[in-house]
Amino acid sequence: MVAVSIVIITRNQAQILDECLDKAKLITDDIVIIDNGNTDNQDNAYVKGCRAFKKSWDGYGANKNKGISVAKYDWVLSIDADEVPDDELIAALHELDYTNPKVVYDIKFRTYFGNKMIRYGSWGKDHHIRLFNRKVVRWIDTTVHETLVLPPNIQVEKITGYLHHYSVKDVFEYDVKNRLYAKLSAVKYFNSGKKAGFVKLYISPVFGFFKNYVLYLGFLDGREGWQIAKITFKNTRRKYHLLNQMQECKQKRQVYKDSFAIEY
């Protein structure tokens, strides 16, 4: 075991979480589950020796910070309930030197659409900083697209192995998830004062599709590559359209009628 706490936020992902926990127990003796209101049968988080905490949903970054605050160790590996570390990554974690708190570790991802691993497009290039020391690094308390606050003198290092991300089961689930992300992103942009101009409304969706499907060779992933690029196009167009509607309502001193309740 290594002196690293694994922090997982979860809601209704019992099937994948079970495999995630089996691998996590090969890394550490401290696994923290932040339970954001599960409605499926998820007793496995409790019987496998994890420390589970039921918390209200305040956004991705905020709830990850809740887990960090109750972690046993200062070094934290942040993973989601639909992500599974492979054996190469587990071995690399056991070999790391955890003496320098100003180092963070960038981990590569292998992302799946249903049962198919996506090799190209933006998904094929996916990697994120997920291992860090909580005395130096924390998450921004945002509702969506959470990022880490990195001090200017931080050192980023890569680590071997992968987190396998079982992102969505099918096209329907992916579209539903992206509809939610579009709403949350529109609210985030609106609250930060961002504008939805001509470029964002009409150029960004097309360029995003072209980048994913052509420049990043997403077409080589076949039907799944097309579906990912198409829904990414729709999501980009949708979030800036919603942002534009909110801006117009503000200018007219009207209340936007759609509901932007924070969901998960």
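What you see is a predicted model; the values in this text were computed from it and never measured.

How each quantity is defined
- Residues numbered from 1 in each chain as written.
- Predicted model: local features only at pLDDT ≥ 70, side-chain atom pairs only at ≥ 80, totals over all residues.
- Heavy atoms only, no water.
- Helix = DSSP H or I, 4+ residues; strand = E, 2+ residues; numbered from the N terminus.
- Contact = heavy atoms within 4.5 Å.
- Areas by Shrake-Rupley, 256 points an atom, 1.4 Å probe, with all protein chains shown as cover.
- Buried < 20%, exposed > 50% of the residue type's maximum accessible area, 1.4 Å probe, protein only.
- Arc of directions from axis to C-beta.
- Core = buried A, V, L, I, M, F, W, Y, C linked by side-chain atoms within 4.5 Å.
- Axes fitted to C-alpha atoms, helices over the stretch in contact; angles between N-to-C directions.
- Left-handed = near helix turned anticlockwise from the far one by under 90°.
- Nonpolar A, V, L, I, M, F, W, Y, C, P; charged D, E, K, R; others polar.
- Lys, Arg positive; Asp, Glu negative; His and termini not counted.
- Salt bridge = Lys/Arg side-chain N within 4 Å of Asp/Glu carboxyl O.
- Polar contact = N/O pair within 3.5 Å; in protein donor to acceptor, adjacent residues only side chain to side chain.
- Parallel < 35°, antiparallel > 145°, perpendicular 65-115°, else oblique.

A. Representation of the overall build of the protein chain within the structure. A tally of helices and strands in the protein chain yields eight helices and eleven strands. Within the protein chain, residue pairs in contact and separated by at least 24 positions form 75% of the contacts whose partners lie at least 6 positions apart. Only carbon and sulfur atoms are counted for the fraction: they give 54% of the accessible area of the protein chain, which is about 13,600 Å².

B. Here's a closer look at helix α4 (residues 87–95). Burial in α4 covers these residues: L89, I90, A92 and L93. Along the axis of α4, the buried positions cluster into a sector of 165°, meaning they face one direction only. Of the residues in α4, the exposed ones pointing more than 90 degrees away from the buried face are D87 and E95.

C. Expanded view of the environment of Y166. Mapped onto the elements, Y166 comes out in strand β11 (residues 155–168). You can call Y166 partly exposed: its relative accessible area is 27%. Separated by 49 residues in sequence, Y166 and M117 have C-alpha atoms that sit 8.8 Å apart. Apart from the residues lying within four places of it in its own chain, the contact partners of Y166 are I16, D82, V84 and Y112.

D. How the structure looks around the nonpolar core. Ranked by size, the top nonpolar core spans 29 residues in total, and within it I8, L77, L93 and L131 carry the most contacts. Among the secondary structure elements, those contributing two or more residues to this core are β1 (4–10), α1 (14–24), β2 (31–35), β4 (75–80), α4, β6 (103–113) and β11. Beyond its immediate stretch of four places on either side in the chain, L131 contacts V4, W75, V76, L77, L93, L96, Y98, V104 and Y105. With 18 residues, the next largest nonpolar core counts V32, V104, V137 and W139 among its residues.

E. The packing of helix α6 (residues 171–191) against helix α8 (residues 222–251), seen in detail. Contact pair α6 / α8: the axes reach a minimum separation of 8 Å and the direction vectors enclose 35°. For the pair α6 and α8, the sense of crossing is right-handed. In terms of residue class, the contact of α6 with α8 is built from 14 nonpolar, six polar and seven charged.

F. Quick peek at the side chain of H165. With respect to the helices and strands, the residue H165 is situated in strand β11. Classification of H165 by relative accessible area gives buried; the value is 16%.

G. Broad picture of the side chain of D221. Within the secondary structure, D221 sits in the loop between α7 (198–215) and α8. Of the side chains with opposite charge, K116 lies nearest to the buried D221, which makes no salt bridge, at 5.0 Å. Within the structure, D221 has its side chain in polar contact with the backbone nitrogen of Y120 (distance 2.9 Å).

H. Seen up close, the pattern of salt bridges. Applying the stated rule across the entire model yields 16 salt bridges. Across the pair D35 and K54 runs a salt bridge whose closest N-O atoms are separated by 3.0 Å. Of this pair, D35 sits in strand β2 while K54 sits in strand β3 (residues 51–54), placing them 19 residues apart in sequence. Judged by relative accessible area, D35 falls into the buried class, the value being 4%. Measuring nitrogen to oxygen at the nearest pair gives 3.9 Å for the salt bridge that ties R130 to D80. With R130 in strand β8 (residues 127–133) and D80 in strand β4, the pair connects residues that are 50 residues apart, well separated along the chain. For D80, a relative accessible area of 17% gives the class buried.

I. The packing of α7 against α8, seen in detail. Direction vectors running N to C along α7 and α8 enclose 165°, while the axes themselves pass 9 Å from each other. Judged by the angle between their axes, α7 and α8 are roughly antiparallel. Like other packed secondary-structure pairs, α7 and α8 cross with a definite hand, here right-handed. Mapping the contact onto sequence places K200, L201, S204, P205, V206, F209, N212 and Y213 in α7 and G225, W226, A229, K230, T232, F233, T236, R237, Y240, H241 and N244 in α8.

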